[in-house]
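Each chain, letter by letter, is given below.
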Amino acid sequence: MGKKTNWPVTVLLMLASLCILLPFYLTITIALKTPQEMVGNLLALPQSWEFRNFSRAIEMTNFFNAFGNSAFVTIFVVIFTVLTNSMVAYAVARNMHKKFYKFLFYYFISAMFIPFPIIMLPIVNQTSAWGMDNLVGLIVLYVVYNLSFNMFIYIGYIRSIPKELEEAAIMDGASTWGVFWKVIFPLLAPMNATVAILTCLGAWNDFLLPLVIVSDRDLATLPVVQYVFQSQFSTDYNLAFASYLMALAPMIIVYVLAQKWIISGVMKGSIK
């Protein structure tokens, strides 16, 4: 006999897929419609494919400047996050038997439960006072704020690595620094990929932190530009959605190509 279909789960998956695909479909169709077509059936395909909406959106939002800012922030955030967060997690994971490191672990994990709006005003004042209300300051804040979640998944994975590998390297004359870079870091490749992808998605799509930290409009990232665009051209949804689609496209490609790394990495990091 064939396997029975689990209809409740199937229906839920179909509804969940619809909740994702329908907004994406509307984003594409609205971006290619004229303002006159918006009066009719919103679900209908465009009658005249207005690709000029994209060129107009690029010009009105200074799109490539914002794209460059987002790319600069995202690339350096990913690099520094993977390098620094993995080192901190390794130091804590291999010293959990010491009270100080156990305290650090719970201290960092507790930061996951603090909403950003609570600390937003002090952070804004401090970064402005230190002259960090720019892209460099934004990179530093992302690296620090990612530490809590990344430590959580890194430590679970590091503790599953046999200590005998490190002991063998030490017997061969490797220092603690050498053990990490030559033994541990290469073994963290699946987890590094997961952290890099999640960090990339988060930094690219984040709206609130760049909005409150970066004071120079020329340094605005793509999500902030979309907000400014919408406030200035709130009645022209076609241009707004064209701009949204261009901003979404790079991360959609990244996620589609790398989703298996995200799932496998999180699963490996959740078990010892």
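Bringing the overall build of the protein into the picture now. Across its full length, the protein carries 13 helices and zero strands. When the helices and strands of the protein are placed in sequence order, the string is α-α-α-α-α-α-α-α-α-α-α-α-α. Scored against the burial criterion, the 272 residues of the protein give a buried share of 39%. Taking all contacts inside the protein whose residues are at least 6 apart in sequence as the whole, residues at least 24 apart take part in 73%. Total accessible area on the protein stands at roughly 16,100 Å², and carbon and sulfur atoms take up 70% of it. Looking at the protein, you have 16 positive and 12 negative side-chain charges, and the mean spots of the two groups are 16 Å apart.

Our next topic: the pattern of salt bridges. Scanning the model with the defined rule gives two salt bridges in all. Ionic pairing is found between glutamate 50 and arginine 52, a salt bridge with its closest N-O pair at 3.0 Å. Between arginine 94 and glutamate 166 there is a salt bridge, with the nearest N and O atoms lying 2.6 Å from each other. Within this pair, whereas arginine 94 is found in the loop between helix H3 (63-93) and helix H4 (99-110), its partner glutamate 166 is found in helix H8 (residues 163-171), the two being separated by 72 residues in sequence. We classify arginine 94 as buried; its relative accessible area is 13%.

Further remarks concern the nonpolar core. The biggest cluster of nonpolar side chains holds 49 residues, and the ones touching the most others in it are Tyr154 and Ile184. With eight residues, H3 is the single largest residue contributor to this core. For tyrosine 154, the residues in contact, after removing those within four places along its chain, are Val82, Asn85, Ser86, Ala89, Leu188, Met191, Asn192 and Val195.

Turning our eyes to something else, we now look at the environment of proline 250. You can see proline 250 is positioned in helix H13 (residues 237-269). Here the alpha-carbon distance between proline 250 and asparagine 238, two residues twelve residues apart in the chain, equals 20 Å. Not counting the four nearest positions on each side in its chain, proline 250 is found in contact with Phe67 and Trp204.

What follows deals with the packing of H3 against helix H10 (residues 189-205). Viewed as axis vectors pointing N to C, H3 and H10 meet at an angle of 145°, and their least axial separation amounts to 9 Å. Between H3 and H10 lies a crossing whose hand is right-handed. When H3 is examined against H10, the residues Phe67, Ser70, Ala71, Thr74, Val77, Val78, Thr81, Val82 and Ser86 are found in contact with a partner set consisting of Asn192, Val195, Ala196, Thr199, Cys200, Ala203 and Trp204. A class-by-class count of the residues in the contact of H3 with H10 yields ten nonpolar, six polar and no charged.

This brings us to the layout of surface pockets. Of the volumes computed, that of the largest pocket is approximately 710 Å³. In terms of lining, the largest pocket is formed by 24 residues, of which the most central are Ala111, Val144, Tyr145, Asn146 and Ser148. Sorting the residues of the lining of the largest pocket by element identifies H4, helix H5 (116-129), helix H6 (135-145), helix H7 (147-158), H10 and helix H11 (208-213) as the ones contributing at least two each. A breakdown of the residues in the lining of the largest pocket according to their chemical character gives 18 nonpolar, five polar and one charged.

Cut-offs and rules
- Residues numbered from 1 in each chain as written.
- Predicted model: local features only at pLDDT ≥ 70, side-chain atom pairs only at ≥ 80, totals over all residues.
- Heavy atoms only, no water.
- Helix = DSSP H or I, 4+ residues; strand = E, 2+ residues; numbered from the N terminus.
- Buried < 20%, exposed > 50% of the residue type's maximum accessible area, 1.4 Å probe, protein only.
- Contact = heavy atoms within 4.5 Å.
- Areas by Shrake-Rupley, 256 points an atom, 1.4 Å probe, with all protein chains shown as cover.
- Lys, Arg positive; Asp, Glu negative; His and termini not counted.
- Charge placed at Lys NZ, Arg CZ, Asp CG, Glu CD.
- Salt bridge = Lys/Arg side-chain N within 4 Å of Asp/Glu carboxyl O.
- Core = buried A, V, L, I, M, F, W, Y, C linked by side-chain atoms within 4.5 Å.
- Axes fitted to C-alpha atoms, helices over the stretch in contact; angles between N-to-C directions.
- Left-handed = near helix turned anticlockwise from the far one by under 90°.
- Nonpolar A, V, L, I, M, F, W, Y, C, P; charged D, E, K, R; others polar.
- 1 Å grid on protein atoms, 1.4 Å probe; cavity = no way out; pocket = protein on both sides within 12 Å on 5 of 7 lines; lining within 4 Å.
- Points joined across faces, edges and corners; volume = space filled by probe spheres on them.

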